[in-house]
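Overview (structure and organization)
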Amino acid sequence: MFNRSQITFMLGIVLVAVGVAVAFAVRVLSLVRYMHLEALGLDVDPAVGAELFRQIVAPTMAERTFFYVSAGLVPVGLVLLILAWRDRSRPAR
């Protein structure tokens, strides 16, 4: 059905796509949370200090974990793509 080179290529594409999508989603989530609090006026509210506002909009441990795992998936996917490309360009024996 599929040879090893094709499977490696597809797996590389999937890992790169998932890594980029998750990293993008985590960054957008942080931006949305910040923009929501800014729209409520909490960024200039004297009752909410600057440090408290920073702590509220700071990424959580789960968001950081997802971001770093997704950032790690991208190089792994690129390595798999390169290996598949090298394997495909070799002459068949």
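Since this is a predicted model, take the numbers as computed values, not measurements. (Residues numbered from 1 in each chain as written. Predicted model: local features only at pLDDT ≥ 70, side-chain atom pairs only at ≥ 80, totals over all residues. Heavy atoms only, no water.)

Turning our eyes to something else, we now look at the pattern of salt bridges. Scanning the model with the defined rule gives one salt bridge in all. Between R33 and E63 there is a salt bridge, and its shortest N-O distance comes to 3.0 Å. Here E63 lies in helix α3 (residues 61-89) and R33 lies in helix α1 (residues 4-39), a separation of 30 residues in the sequence. R33 gets classed as partly exposed once you look at its relative accessible area, which sits at 23%. (Salt bridge = Lys/Arg side-chain N within 4 Å of Asp/Glu carboxyl O. Helix = DSSP H or I, 4+ residues; strand = E, 2+ residues; numbered from the N terminus. Buried < 20%, exposed > 50% of the residue type's maximum accessible area, 1.4 Å probe, protein only.)

What follows deals with a nonpolar patch on the surface. On the surface, M1, F2, I7, F9, M10 and I13 cluster together to form a nonpolar patch covering roughly 670 Å² of accessible area. With respect to the secondary-structure elements, I7 resides in helix α1. (Patch = residues over 30% accessible without salt bridge, like charges linked within 9 Å, V, L, I, M, F, W, Y side chains within 5 Å. Areas by Shrake-Rupley, 256 points an atom, 1.4 Å probe, with all protein chains shown as cover.)

Let us look at α3. The terminal C-alpha atoms of α3, which comprises 29 residues, lie 43 Å apart, in line with the 42 Å expected from a rise of 1.5 Å per residue. Those residues of α3 that sit buried are E63, S70, G77, L80, L81 and A84. Against α1 lie the buried residues of α3. (Expected span 1.5 Å × (residues − 1). Contact = heavy atoms within 4.5 Å.)

So, about the confidence of the model for the protein chain. Averaged over all residues, the pLDDT of the protein chain is 87; the fraction at 70 or higher stands at 95%. When the elements of the protein chain are averaged for pLDDT, helix α2 (residues 50-57) gives the smallest value, 78, and α3 the largest, 93. (pLDDT = per-residue confidence, 0-100.)

What follows covers the packing of α1 against α3. Helices that pack against each other are described as a pair by the angle of their axes relative to one another and the distance between those axes. Contact pair α1 / α3: the axes reach a minimum separation of 7 Å and the direction vectors enclose 155°. Between α1 and α3, the angle falls in the class roughly antiparallel. With respect to the hand of their crossing, α1 and α3 are arranged in left-handed fashion. A class-by-class count of the residues in the contact of α1 with α3 yields 20 nonpolar, seven polar and six charged. (Axes fitted to C-alpha atoms, helices over the stretch in contact; angles between N-to-C directions. Parallel < 35°, antiparallel > 145°, perpendicular 65-115°, else oblique. Left-handed = near helix turned anticlockwise from the far one by under 90°. Nonpolar A, V, L, I, M, F, W, Y, C, P; charged D, E, K, R; others polar.)

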